[in-house]
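Given next are the chains, with one letter for each unit.
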Amino acid sequence: MDITKGKNLGQSEEVVVEFVANAYVGVVEWWLKNGMPYPPQEMAEKVGSLLERNL
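(A) Molecular detail of the overall build of the chain. Helices and strands together make up the secondary structure of the chain, namely two helices and zero strands. Relative to the compact-globule value of 10 Å for 55 residues, the chain shows a C-alpha radius of gyration of 13 Å, a clear excess of over 25%. Each principal axis of the C-alpha atoms in the chain carries an extent, and together these give about 40 × 15 × 10 Å. Counting the 55 residues in the chain, one finds 11% classified as buried. Summed over all atoms, the accessible surface of the chain reaches about 4,400 Å², with 59% contributed by carbon and sulfur. Taking the average place of the 5 positive charges on the side chains of the chain and the average place of its 8 negative ones, the gap between the two points comes to 8 Å.

Pasting the structure below:
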């Protein structure tokens, strides 16, 4: 991730990494607790898309 330009300009790399890691873990936790309502491949695509949008 590039913190020298774009959306993350001026952000702390440590904070961005922590944010992304917690978001990912939270989504996976939600998915498991809710009986895996989407197939694994679909979840991977959804999470990947969300991460790309926000980084």
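(B) Representation of the packing of aromatic side chains in the model. Under the criterion given, the structure shown has one aromatic pair. Each ring, one from Trp30 and one from Tyr38, has its centre 6.4 Å from the other, and the planes form 35 degrees; the classification is tilted. Classification of Trp30 by relative accessible area gives partly exposed; the value is 40%. Residue Tyr38 is classed as partly exposed on the basis of its relative accessible area of 32%.

(C) Summary view of the pattern of salt bridges. Under the criterion given, the structure shown has two salt bridges. Among the salt bridges present, the one from Glu29 reaches Lys33, with a minimum N-O distance of 3.2 Å. Here Lys33 and Glu29 lie together in helix α1 (residues 13–33), a separation of four residues that amounts to about one turn. Linking Glu42 and Lys46 is a salt bridge whose minimum nitrogen-to-oxygen distance equals 3.5 Å.

(D) Main features of unusual backbone geometry. Positive phi, close to 50 degrees, is recorded for Met36, a residue that is not glycine. Within the element layout of this structure, Met36 appears in the loop between α1 and α2 (40–54).

Reading the values: the criteria
- Residues numbered from 1 in each chain as written.
- Predicted model: local features only at pLDDT ≥ 70, side-chain atom pairs only at ≥ 80, totals over all residues.
- Heavy atoms only, no water.
- Helix = DSSP H or I, 4+ residues; strand = E, 2+ residues; numbered from the N terminus.
- Rg over C-alpha atoms; globule rule 2.2 N^0.38 Å.
- Buried < 20%, exposed > 50% of the residue type's maximum accessible area, 1.4 Å probe, protein only.
- Areas by Shrake-Rupley, 256 points an atom, 1.4 Å probe, with all protein chains shown as cover.
- Lys, Arg positive; Asp, Glu negative; His and termini not counted.
- Charge placed at Lys NZ, Arg CZ, Asp CG, Glu CD.
- Phe/Tyr/Trp six-rings, centres within 6.5 Å; stacked < 30°, edge-to-face > 60°.
- Salt bridge = Lys/Arg side-chain N within 4 Å of Asp/Glu carboxyl O.

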